[in-house]
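Residues per chain are reported as follows:
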Amino acid sequence: MDVLINVFVALHIIGIASLLGGFLTQMKAMGAGTARFIPAMLHGALTMLVTGVALVGLNQADDQAVNNVKIGIKLALLVVILALVYVKRDDETVDKGAFAAVGGLTAANIFIATVWT
Ligand code: HEM
């Protein structure tokens, strides 16, 4: 079970790479107000959701404690990220505020996941 959990943590991190990496490639464009949500960001956010839910299930099946408050906050932030990226996925340009919000919420989730032990 440990190996399976670790595989899903790895997939979870690949999801972060896709979501955050997509955001970082657009930062210059964001400054100019011409950024857009690229497919890697949507797929990364979806990967986070699927692997995150799987990790909760796997940890519980393995009798390992899951911090429900922490996971609940991460899930709530991800729902906002996913909603923004999904709704505006076909927009040629996304305004600075919405784009920055996705980057900020993603970074917040990374700090919540790592600093909150
Ligand atoms: C943008 C969104 C997210 C980011 C950036 C993120 C980040 C991370 C990181 C860096 C880890 C590895 C560090 C650790 O083991 O604590 C992790 C683990 C984990 N994540 Fe996420 N996560 C996100 C969304 C979610 C969601 C939506 C869920 C559940 C619905 C979730 C559930 C978990 C679980 C269960 C672990 C296993 C380790 C633990 O915290 O006990 N994550 N996440």
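Everything quoted here is computed from the prediction, not taken from an experiment.

(A) Quick look at the overall build of the chain. When you go through the chain residue by residue, the secondary structure sums to five helices and zero strands. Listing each helix as α and each strand as β along the chain from the N terminus yields α-α-α-α-α. Against the compact-globule benchmark of 13 Å for 117 residues, the chain has a radius of gyration of 15 Å, which places it among compact chains. Viewed in the frame of its principal axes, the chain has a C-alpha envelope of about 50 × 20 × 20 Å. For the chain, the proportion of its 117 residues judged to be buried stands at 32%. Within the chain, contacts between residues separated by at least 24 positions form 79% of all contacts whose residues are at least 6 apart in sequence.

(B) Structural context of the coordination of the iron atom of the ligand. Around the iron atom of the ligand, the protein contributes the donor atoms H12 (NE2) and K74 (NZ), which lie 2.0 Å from the metal centre. Viewed at the metal, the six donor atoms of the iron atom of the ligand are separated by angles of 81 to 178°, and the geometry they form is octahedral. On the criterion of sequence distance, the pair formed by H12 in helix α1 (residues 2–25) and K74 in helix α4 (residues 68–87) is long-range, its members being 62 residues apart. Since its relative accessible area comes to 13%, H12 is described here as buried. Here K74 falls in the buried class, since its relative accessible area comes to 18%.

(C) Fine view of a nonpolar patch on the surface. A cluster of nonpolar side chains, V3, V7, L11 and I14, forms an exposed patch at the surface whose accessible area comes to about 360 Å². By the secondary structure assignment, I14 is in helix α1.

(D) Looking closely at the packing of aromatic side chains. Under the definition given, this model contains two aromatic pairs. Summarising the aromatic geometry, the rings of F23 and F99 are spaced 5.3 Å apart at their centres and angled 20° between planes, so their arrangement reads as stacked. Of this pair, F23 sits in helix α1 while F99 sits in helix α5 (residues 96–115), and the two are 76 residues apart along the sequence. On the basis of relative accessibility, which here comes to 8%, the residue F23 falls in the buried class. Seen in terms of ring centroids, F37 and F99 are 5.1 Å apart; in terms of plane orientation they differ by 20°. Their pairing is stacked. With F37 in the loop between α2 (27–32) and α3 (39–61) and F99 in helix α5, this pair connects stretches of sequence that are 62 residues apart. Considered together, F37 and F99 belong to a single accessibility category, that of buried residues. Members of the aromatic cluster, joined through ring pairs, are F23, F37 and F99. Lying across the ring of Y86, R89 places its NZ or CZ 4.0 Å from the centre.

How each quantity is defined
- Residues numbered from 1 in each chain as written.
- Predicted model: local features only at pLDDT ≥ 70, side-chain atom pairs only at ≥ 80, totals over all residues.
- Heavy atoms only, no water.
- Helix = DSSP H or I, 4+ residues; strand = E, 2+ residues; numbered from the N terminus.
- Rg over C-alpha atoms; globule rule 2.2 N^0.38 Å.
- Buried < 20%, exposed > 50% of the residue type's maximum accessible area, 1.4 Å probe, protein only.
- Contact = heavy atoms within 4.5 Å.
- Donors = N, O, S within 2.8 Å, 3.2 Å for Na, K, Ca; no water.
- Tetrahedral: all angles 85-135°; square planar, octahedral: opposite > 155°, others 65-115°.
- Patch = residues over 30% accessible without salt bridge, like charges linked within 9 Å, V, L, I, M, F, W, Y side chains within 5 Å.
- Areas by Shrake-Rupley, 256 points an atom, 1.4 Å probe, with all protein chains shown as cover.
- Salt bridge = Lys/Arg side-chain N within 4 Å of Asp/Glu carboxyl O.
- Phe/Tyr/Trp six-rings, centres within 6.5 Å; stacked < 30°, edge-to-face > 60°.
- Lys NZ or Arg CZ within 6 Å of the ring centre and 35° of its normal.

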